[in-house]
Structure formats: C-alpha cells, structure tokens
Amino acid sequence: MTKKSDRMAEAGSPLSKFGVLVAQLNSIVNSAPQQPPDPLLCFDLLSDLVSTIEDEPKASILQWQRKCEDALQSLILFGARRPVRRLASTTMVRIIEKGDTISIYSRASGFQGWLSDTRKVDPLSYIGAAQCLGDLYRSYGRKITSGMVETSNIVTKMMKFPEVGVRKAMLQMLQNALEGSEGAGPLAAYSEAFRTVMRFGVVDKSSAVRTVAAGCLRAFAITGGPGLGAGGLESSASLCVKALEDPIPSVRDAFAEALGALLALGLNPESQVQSRGKGQLVPARTLEGGLQKHLIWPFMKATGARSKDLRVGLTMAWVSFLQGMHLTYLHSDTELQNFALQAIDMLHGNSVIDAHAQACVLYILRVGIVEQMSEPTQKDFMILLAKQLCLPDTSPSMFVVTLRTLSHLLTTLGEVPSDSKEVLDNSLVAILSNSSIPVRVEAALTLRTLSEVDPTCAGGLISYGVTTLHALRETVAIEKGDRLRIELDSLHGQAAMLAALVSASRRLPLGVPCRLPLAILKVAKKFMLESSRKAQAGVEKEVGWMLLAAVISSMSKEELEAQEFDILALWTIPFGGNIEHRLKQAEENLEAELCGWSAAVEALTAFVKCYVVPNMTSKNEGILLQPVLGYLSGALAYISSLTMKQLQISKPALDLFIVRTLIAYQALPNPFTYKNDHSQLLRVCTTPFRDPSSCEESSTLRQLLDHRDASLGPWTPGRDSFEDELRAFEGGSDGPLPCMWEDELPIFPQPVSLGRLLVNHMLLLFGVIFATEGLAGKLQLLDIVDQSLKTGRKQAWHAANITNVCVGLLAGLKASVRSRCMESETEVFKRMQSVFQGILADEGICIAQQRAAAEGLGVLARLGNDIYAARLIRSLMADVNGASDSNYKGSIALALGCIHRSAGGMALSSLIPATVQSLCMMAKEPKDCLHIWSLHGLCLTTEAGGLSCVPHIQTILSLAMEILLSEEHAGTDLRQSIGRLINAIVAVLGPELSPGSSFFSRCKVCAVHSAACTFCSSSCFYALTCSNTETNIVIKTANTQASCHLYFATFS
C-alpha cells in the first residue's frame, strides 16, 4: 500500500460508497475500547461492505484497502461474535482478492505474530484470529506456505488451551492451511501438524474437536499426505477404524470420510508428496493390503453392541474411498468392478443371512459403484454380476446382494443389453432352484424387473414356468429324501417366478396373453385341492396360494367378477367348517399346514386389497365382506386354539400366521365390520402389555411420528433418503420376505425381524380397535397399559415397553382422528394424558419416546375441545416451572408446540403470550438439547398462532440473536433450528417485513448465519423460505413491496 494512496484519502477527496463504509467501520473500531461494537450494526455494515466490494472499481479498493484491512483485523481481535467474525473474515479475503494481493503476506504474518504471543486475552479473539487466518490460507495457501511451520507450532501450543472453542478453531485453521497449501509447504510443518493432530486432536474430550481432527486427516489425504509417509498412512488409517466406534455420529462420519481418503491415497503412490531422508527423496510406497486390513476385515469381524455403527461407518468409508479413486485420482469406472467384487466378498463367510451386512454392501454397490459408472460400464457390470451367480461357494447373502444390484441396474438402464440377455436369463432361471428361500424370492423379483424392462420376455418366461411347474409336480410325487427337498426348492422357485411375473403383467404395455393367467390359476387350484403326499403338502399348498394371490392382483375387475364366487369358495378348504376338527386332522403335519394357512391368509389379503375394497359399494358390501370375515374368523380361531393348547409347533411359523392374519384385518376398510372379532383380536394384540417380557420393542414409531419434527431425531433427515434408510435400518435374518404381488418393495431386504414385525402389527391393530371401543372398553384397555408400565419400572424390558405403549396409544389416537370416535370422552382423555405425562417424566426415555408422548398430548388436544386444550397447556406450563431435568423440559416444550399445532393457534390465542414466555425462558437455559427443543416448540407455536404471534416477534427474534451470538451454542442442529424459526417468523410477518426495518435486519442476520454455516441448513432453510416467499407474494396487494421477500430468500 503506497503513502500516496494514504495522502489521497486524508486530503478530503470525494468518498465513494466503499470509502464511506470503511470510514464507518473505522469509527466503530476506534470507539470499541470505550463501547463494545453492536453485533447487529456490525453485521449490517459488513454485509453492505461485501456487496459493495463486488461492484467497486479496483482503484477505489486500492485507495481504502489498508485502512479497511486494519479495521477488520482490529474488529476480529477485539473478540467479535460468531456471525460478525465470520463476515469480517469473508470481507478480508474479498478485499485482498479484489485489491492488491501483496498484502496477504503482512496480514497472515500479523495474525501469526498475534497468535504466537503468550499473553492472555479473550478466547473470542483467539478464535477470530484463527478463523481469519484459516480463511486466508484457504484462499491463498500456495502464496504463504513459508508460514506453515509457525502455524503448526501455534496450533500445537494452543491445543492445550482449556476452551473447547479455541481448540476447535485452531484445528479448523490447520485444516484450511493444509487444504489451501496443497502440500507445497515445508515438510517439517506437515510433520509437526500431523503429530499435533494425532497426539491431541483425535483424542480430545470434545466431540467437536475430534470431528475437526478427522477433517485434518482428510485434508492430509487429499493434498498428497505431506509429512506422513507409509507409516503415517498406516497409523492414521488404523486410528480412523478405531474411531468408527465413537458414540457420536458426526465423529464417526468424519473419520469414515477421512479413512476413505487415506486409503485412496495409499493406493496411488504417484500422488503422494515425497519426503526426504538424509537429503534424498524417499520413494512413495503403496499401502499394501490397505483395503483388507482397514475395510474388509473389520467389516467381517464386527460384533458387539456397536457393530452396526461400525459397519455403517465402514460403508461410508468404502464410498469415500471409491469416490476418491474415481473422482480424485481419475481411475476409470471399469476398475470399480474389481472393488465391487471385493465388497461382495465381505459376505462370503455368512452361511446365515445377515440382513444388516447385506444392506451395507448394497449401499456400497449402488452409491460407490453403480452411480459412478457410465452407461456402457454399467452394461459390462451387469454381465459380470450375472456370471457371478454361477460361481460355486457363493453364500446366500452374496446371491441376494448381487440379485438386488442387478435389479437396480436393469431399472437404471431401462433396457436389457442384447449381449447380456442370454447369460442373464440363464443365470436367473438357474438360481430359482437355490436351497435358500430368500435367494429364490430375490431371483423371482429380479425376473419381474427384467420383464418390466423387456416386456417381450414375459410371455415366454410364464409359459416356461407353467410347463416346468407341471413337470415338477409330477416329480415331487415320486421323489424321496434329499432329492425330494431339491425338487421342492425348484417347485417353490418356479412358483415364485410365475407369481412375480404375472403380478407385473398389469404394468406391461401390452400385458400377457389372457390364457397365461388362467393357466396359472388352474395349476394353483390343483396345488391347493390335490396335494399328492403329506411330505410335500405344505409346500404345494403354499405354492398354490402364492400363485392365486398373484393372479388376483393381475386380473381386471371384469375378470374377477366372473369368478368371484368360485375364488371365494377356495378359502372354505382351510377356514371353513369345524376348526377343532381340522386342527385334530392336521396334528400329524401341523407345521406344514401352518405354512399353507399363512399363504392362504396372504392370498385373502390380496383379494381384499385388489378387489373387495376398490369395488365395494353399499349394495355389495355384505356379499363381498361376509365370506371374507368368516374366513378371517376361522383363522383367528386357529390362532386362539393353537395359543391355548401350547402345542409343539414352530414359533416362527405360528408368528408368521398371526402377522398375516393381523395384516388381513388391517386391510379391511372399516373396523366396525369385524366388531364381533374384537375381543379375540384384543387378546392377541394386548400381548405386548400383558406379557411385555416376551415381546420385542416395536419399530413403528418412525412411521407414526410427525415428519415435521424429524429434525429433533433420532432419525434426522440427511442429504440422501437412501442413506437415511441405511442408518435407520435394523434388519432381521428371520424377517418375512416380500409378497410377490405387492408393487412396493422394501429398500433393503428383510428390514425387520419376525418377532418385531409381530409386535408392530399387534400394536397397530390395537390402536385401530381402541379407537372403535366404547368408554368402558377404552378404560379397560388403559388399565392394562397402566399396569404394564407400573410393573415394569425396574425391569430390563422397561424401555421396550414404553416404546410399545407409545406406539399403541399413538396409533389409537391417530385412528380416532381419522374416524372421529373419541370427541367427548373426558375420562379417557385424562387417563391418556396421565400416561403420556408419566412417560415424559421418566428419566430414561429416548428421543423417539419423548416425541411420541409429546405428539400424543398434541393429538389429545385436537380430539378434545378448546377448553380441554387450554387446560392441558396450563397444566404443562405449571409442570415445567418446578422441573429441573432438561430432557423433561424439552419434552414439555415440544408438547406445547404440538398442542398449538394440533388444536389451532388462533383457538388458543389467549395462551400464546404465556407459551412464548415459557418457551423463551427454557431456551435461555444452558443445555444445547433444551435450546433445540424449545426453539422447535417456538417454531410450531409461531406457525400455528399466525397473527396472534406478531406482538411477540421482537421477543422471539431477540432470543434467536442471543443464541446465535453465544459461543457456547455453536452446533449445526441449533443453527438449523434457528433457521426454521426465522422462516416461521417471515411467514407470519408477511407484508410487514420490509427492507430497512429492524425486523428485516434481525431476520437477515439470523438467516444468513444459520444458512452459511452448513450446507444442510442452507438447503433446508432456502427451500422453506422460498415456499413461504411465494405464498406471501401471492396474497399481497399490488402496491406492497415483494422485493423484501425475494431479497431475503436470495440471502438465505
């Protein structure tokens, strides 16, 4: 910066807008020792400064550059708050970029010198200096590599600082320096930096610091690993694998990404930064066996309580590695096929299907392999996978994963390559005889996908299947022993293929010849009515009912009408007549009969869903429903007799029969139609409450809970729904397989165990029946629920029981909302309120249970009248005043928001002031979790209250600013909560929000800072804001300024 420029500025030359802003900034800085800068004023000024720099001529920038930089540096070193220092650092980078870049050396040196000083100052000053220096490194790292040694030494010294924020800021600065310098700095600096990260960062007590330390390891990897060498790569990769068992998800994700980047670098020695040993270059070495040691073996050996977390972490590391190989090191997508086979081989030792391991490998293949391939390579990969199906020593899990990936490839490509058609057909048809049922079912589903992509093959495959089925039926009649087992497996596989193909025929452009479904129906009747021997009777009947269900789902209304009574009569065989007599007849082969009954109930469900419900009218309701209800009553009678007699039968077979019976009842449109069966059904469905120790924990809460509260956890939406499903996936090796006639398949095979599925459907049907019961019936059921909660307080199954209670009651309340069955039952409301509040007061409940109980109170308020809702709110606010547990307070905060959302904010407008005051008080308490839940409750209250909340907007905005400016609360989740709250405020204010107003300035500060700190927050907030912006613009009059809303959306 020249002296001439300074003299021009002092000579009183006309000031540009940029000069005026710089002068204002200097004035604020000069008065800072006497009066601390106002954060809102500073943020507005710096925002204007950034936007002005973009349009200012370079000559004007040069004239004021030095004074602007000095003022910004002083402002940062005074200890500016988070939003201000972030924008000040951005301004510093922009002005150097637009002006004279030579000043980068003095600025970087100045911050380094200040940080090297050992004097004690405000931690905010250290954080601000580190942030600004890190931003300078990120933009100009190649120019200031000479300062890397000093920077590494500073970080080493400051990692002993007691403040978590300072340690995190120092490591973040180091990460920016590593990425910005791109490995071009002195190796001594990198060696010291690596030592600091490994010695202090990765073992820090704070999860935030550990997360940034993982980012530093990734930065080392993507810049060529300067200062690491083969030993450093090996040790850091091993540490990353160990860190994948960390209890904090964000830490696991960061180390997974770092592990993938390190392994990709280890397999590309030509990209490694070479170090010197005694004056000579030490040649880079490949990390031998890196994949096996750090990805494959840990995955295969994962056991224990955290095995699923470890597997998911290794899965993300696999994807990071594969993306690094293809995108960073530019390996061809053809090479990815070799890695795909290695990923599939991780399932090689699993003789028993492990559903969770399958899901992880499927994710690797789909995201890491297929999505990175070009179309020609995907076709080659399809041929490779088809050939893998013919290899010996392939485990069932490997088959399932390969088949599911083939289905995805077929859907992605939308065609069957001509050169792979023959090998694909032969491989899939051959696999239908596999000894594993899940493999045969997956092969049938893959053939269904094949027919949808290439409809011309459907008719031929169906004809082949019918012919083969007739032949197999004759064969099984004479075979014995092991040979019989093989033929029965083939019989089941061919039937599964036929069922899958015929169910898909209705979606094919030209369908299939009508003779083929009729031929399948004919052979299905033979299997059901003419079983040859007891040894295979169960399999034959199961095959027959499976084929019938598929044919029903494929036939048109007219075709079914012509045969409806003939088809309905088929269920007379298993469920008509004297049930006790049939049970006595079936005692010798009861387990096989159970399988047949289960298939029969599934076929009945298909008939109800595909024909009865769509075509039911007031005239034919009785004609269609009465036979169905009679058959279901017969199935229920079987269940009652089998349960009471406690015969020696397979529990999984009985559980599957019960599950399918409960699903069939849920398929009926009106629960009042089977009122006569309620008492027997409740004896089954109250089992989780009467005998909780024998039941698993339900997994239905994720589907029942309101998705608008998903940000609270535990299933927080991420950047990709497929990844969300993997993280939430539980899996069950004994889980039931998908129905051949259903269009929608689970994303991953066998998503839930059979025991858990049984509990799920028990509780869902319990809720449906609960909603239809009278006052006495509801109170009796609540007595059972209450008793289970009281007796289980000190039991190991207490947590699972609470989840099951939440599922049952929440399902009942939501069913009541749909049917309006519980509008004036005050006694029931009080009892349910007591149950939910008791659950909220339990110290050991998890987030999902908190959400369920809070939402349950909200639905209660919706079912009751306004007086009840108001009384409920006052009761909760009275409870929170004397509460000390932060989790309980957070639950009440959500409950208050849910009540306002459910009952309508305008109806409860008189209680909005007290609610806002109570929630704001909770949000000011020091616990981060309480902040998030209180802010979410405020968001729900603001959205529901509408204009009633306008008088309280100033209070809410002040709270948001206070939290944003607080250094103690810097989490991403918290910033996202503030972003959603500001979005609700914008929607409420509408036309009242205009540029220049204090409301607009505060909203802009909160929005920009919330959105700029994280991509996830930014994208979520931008979408919400734009949605409300469009609404506000539509409803405003022509003379109202709409630009403020557009400007706000642009800023976010």
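Rules behind the numbers
Residues numbered from 1 in each chain as written. Predicted model: local features only at pLDDT ≥ 70, side-chain atom pairs only at ≥ 80, totals over all residues. Heavy atoms only, no water. Helix = DSSP H or I, 4+ residues; strand = E, 2+ residues; numbered from the N terminus. Rg over C-alpha atoms; globule rule 2.2 N^0.38 Å. Contact = heavy atoms within 4.5 Å. Areas by Shrake-Rupley, 256 points an atom, 1.4 Å probe, with all protein chains shown as cover. Lys, Arg positive; Asp, Glu negative; His and termini not counted. Charge placed at Lys NZ, Arg CZ, Asp CG, Glu CD. Phe/Tyr/Trp six-rings, centres within 6.5 Å; stacked < 30°, edge-to-face > 60°. Buried < 20%, exposed > 50% of the residue type's maximum accessible area, 1.4 Å probe, protein only. Lys NZ or Arg CZ within 6 Å of the ring centre and 35° of its normal. Salt bridge = Lys/Arg side-chain N within 4 Å of Asp/Glu carboxyl O. Polar contact = N/O pair within 3.5 Å; in protein donor to acceptor, adjacent residues only side chain to side chain. Axes fitted to C-alpha atoms, helices over the stretch in contact; angles between N-to-C directions. Parallel < 35°, antiparallel > 145°, perpendicular 65-115°, else oblique. Left-handed = near helix turned anticlockwise from the far one by under 90°. Nonpolar A, V, L, I, M, F, W, Y, C, P; charged D, E, K, R; others polar. pLDDT = per-residue confidence, 0-100. Expected span 1.5 Å × (residues − 1). Arc of directions from axis to C-beta. Disulfide = S-S within 2.5 Å.

### Focus on the overall build of the protein chain
Here is step 1 of the chain: Assigned secondary structure in the protein chain consists of 49 helices and 2 strands.
Here is step 2 of the chain: For the protein chain, the C-alpha radius of gyration of 34 Å lies close to 31 Å, the compact-globule estimate for 1052 residues.
Here is step 3 of the chain: Taken over the C-alpha atoms alone, the protein chain extends approximately 110 × 75 × 60 Å along its principal axes.
Here is step 4 of the chain: Looking at the protein chain alone, contacts between residues at least 24 apart form 76% of all its contacts between residues at least 6 apart.
Here is step 5 of the chain: As presented, the protein chain carries roughly 42300 Å² of accessible surface, and 53% of it is formed by carbon and sulfur atoms.
Here is step 6 of the chain: Averaging the locations of the 96 positively and 101 negatively charged side chains of the protein chain gives two centres separated by 4 Å.

### Observations regarding the environment of Y105
Here is step 1 of the chain: One can find Y105 in helix 6 (residues 103-116).
Here is step 2 of the chain: With 537 residues separating them along the chain, Y105 and L642 place their C-alpha atoms 84 Å apart.

### Let's talk about the packing of aromatic side chains
Here is step 1 of the chain: The full count for this structure, using the stated rule, is 20 aromatic pairs.
Here is step 2 of the chain: Centre to centre, the rings of F829 and Y868 are 5.3 Å apart; their planes meet at 40°, and the pair counts as tilted. Of the two residues, F829 is situated in helix 39 (residues 826-841) and Y868 in helix 41 (residues 866-881); the sequence distance between them amounts to 39 residues. Like F829, the residue Y868 is buried in the burial classification.
Here is step 3 of the chain: Put simply, the rings of W545, W571, F607, Y611 and Y631 touch in pairs and so form one group of aromatic residues.
Here is step 4 of the chain: In this arrangement the basic side chain of K778 is found over the ring face of F770, its NZ or CZ atom lying 5.9 Å from the centre.

### Considerations on the pattern of salt bridges
Here is step 1 of the chain: Applying the stated criterion across every chain yields a total of 41 salt bridges.
Here is step 2 of the chain: Salt-bridge contacts for E696 lead to R756; the nearest nitrogen and oxygen are separated by 3.7 Å. With E696 in the loop between helix 33 (687-690) and helix 34 (701-704) and R756 in helix 36 (residues 754-772), the pair connects residues that are 60 residues apart, well separated along the chain.
Here is step 3 of the chain: Of the charged contacts in the structure, one is a salt bridge between E925 and K889, with a shortest N-O distance of 2.8 Å. Of this pair, E925 sits in the loop between helix 43 (912-923) and helix 44 (928-945) while K889 is found in helix 42 (residues 886-903), placing the two residues 36 residues apart along the sequence.

### So, the environment of S633
Here is step 1 of the chain: Here S633 lies in helix 30 (residues 621-645).
Here is step 2 of the chain: Assessed through its relative accessible area of 25%, S633 is described here as partly exposed.
Here is step 3 of the chain: Expressed as a C-alpha distance, the spacing of S633 and S106, which sit 527 residues apart in the sequence, is 86 Å.
Here is step 4 of the chain: Beyond its immediate stretch of four places on either side in the chain, S633 contacts Y665 and D677.
Here is step 5 of the chain: Among the polar contacts listed, one links the side chain of S633 to the side chain of D677, at a separation of 2.9 Å.

### A look at the packing of helix 26 (residues 557-569) against helix 29 (residues 590-615)
Here is step 1 of the chain: One can describe the packing of helix 26 onto helix 29 by two numbers: an axis separation of 12 Å at closest approach and a directional angle of 115°. On the basis of the axis angle, helix 26 is roughly perpendicular to helix 29. Where helix 26 crosses over helix 29, the handedness of that crossing is left-handed. Contacts between helix 26 and helix 29 involve K557, L560, E561, E564, I567 and L568 on the former and, on the latter, F607, Y611 and N615.
Here is step 2 of the chain: In terms of residue class, the contact of helix 26 with helix 29 is built from 5 nonpolar, 1 polar and 3 charged.

### A look at the confidence of the model for the protein chain
Here is step 1 of the chain: Confidence in the prediction for the protein chain averages 87 pLDDT; 90% of positions are at 70 or higher.
Here is step 2 of the chain: Contacts for the low-pLDDT stretch residues 1-11, under 50 throughout, to residues beyond four places or in other chains number 12 contacts.
Here is step 3 of the chain: Throughout residues 1014-1052 the model reports pLDDT below 50, and contacts reaching past four residues in sequence, or to other chains, amount to 64 contacts.

### Overview of helix 12 (residues 229-243)
Here is step 1 of the chain: Under the 1.5 Å per step criterion, the end-to-end length of helix 12 is 21 Å for 15 residues, consistent within 8% with the ideal 21 Å.
Here is step 2 of the chain: Within helix 12, the full set of buried residues consists of G232, L233, S236, A237, C240, V241 and A243. Mapping the buried residues of helix 12 onto a view down its axis gives an arc of 165°, with all of them on the same face.
Here is step 3 of the chain: Elements in contact with the buried residues of helix 12: helix 10 (187-201), helix 11 (207-222), helix 13 (249-266), helix 14 (290-301) and helix 15 (307-328).

### Section: the side chain of S420
Here is step 1 of the chain: Relative to the elements of secondary structure, S420 occurs in the loop between helix 19 (396-413) and helix 20 (421-431).
Here is step 2 of the chain: On the accessibility criterion, S420 (1% relative accessible area) is buried.
Here is step 3 of the chain: With residues near it in sequence (within four places) discarded, S420 still touches M382 and I383.

### Re the state of the cysteines
Here is step 1 of the chain: Inspection of every chain in the model, using the stated rule, returns 0 disulfides.
Here is step 2 of the chain: The closest cysteine sulfur to the non-disulfide-bonded C949 is located on C920, 10 Å from its own sulfur.
Here is step 3 of the chain: With a relative accessible area of 0%, C949 lands in the buried category.

### A short note on the side chain of Q849
Here is step 1 of the chain: Here Q849 shows up in helix 40 (residues 847-863).
Here is step 2 of the chain: Reaching out from Q849, the side chain makes a polar contact with the backbone oxygen of A799 at a distance of 2.9 Å.

### Structural notes on helix 8 (residues 148-158)
Here is step 1 of the chain: If you check which residues of helix 8 are buried, you get M148, T151, S152, I154, V155, T156 and M158.
Here is step 2 of the chain: The elements touched by buried residues of helix 8 are helix 6, helix 7 (123-140), helix 9 (164-181) and helix 10.

### Let's talk about the environment of L629
Here is step 1 of the chain: With respect to the helices and strands, the residue L629 is situated in helix 30.
Here is step 2 of the chain: Sequence separation between L629 and D204 is 425 residues, and the spatial gap between their C-alpha atoms is 63 Å.
Here is step 3 of the chain: Beyond its immediate chain neighbours, meaning those up to four positions away, L629 contacts L668, T673, Y674 and D677.

### Concerning the packing of helix 19 against helix 21 (residues 437-453)
Here is step 1 of the chain: Where helix 19 meets helix 21, the axes come as close as 9 Å, and the angle between the chain directions of the two elements is 10°. Judged by the angle between their axes, helix 19 and helix 21 are roughly parallel. Residues P396, F399, V400, L403, R404, L406, S407, L410 and T411 of helix 19 form the contact with helix 21, whose own contacting residues are P438, V439, E442, A443, L445, T446, T449, L450 and V453.
Here is step 2 of the chain: For the contact of helix 19 with helix 21, the residue count by class is 12 nonpolar, 4 polar and 2 charged.

### Structural notes on unusual backbone geometry
Here is step 1 of the chain: In the segment running from G713 into P714, the intervening peptide bond is cis, with an omega of -5°.
Here is step 2 of the chain: Unlike most non-glycine residues, L330 shows phi in positive territory, near 60°.
Here is step 3 of the chain: Take L330: its relative accessible area is 67%, and that puts it in the exposed class.
Here is step 4 of the chain: Within the chain, Q750 stands out as a residue other than glycine whose phi angle is a positive 50°.
Here is step 5 of the chain: With respect to the helices and strands, the residue Q750 is situated in the loop between helix 35 (721-728) and helix 36.
Here is step 6 of the chain: When its relative accessible area of 6% is taken as the criterion, Q750 is described as buried.

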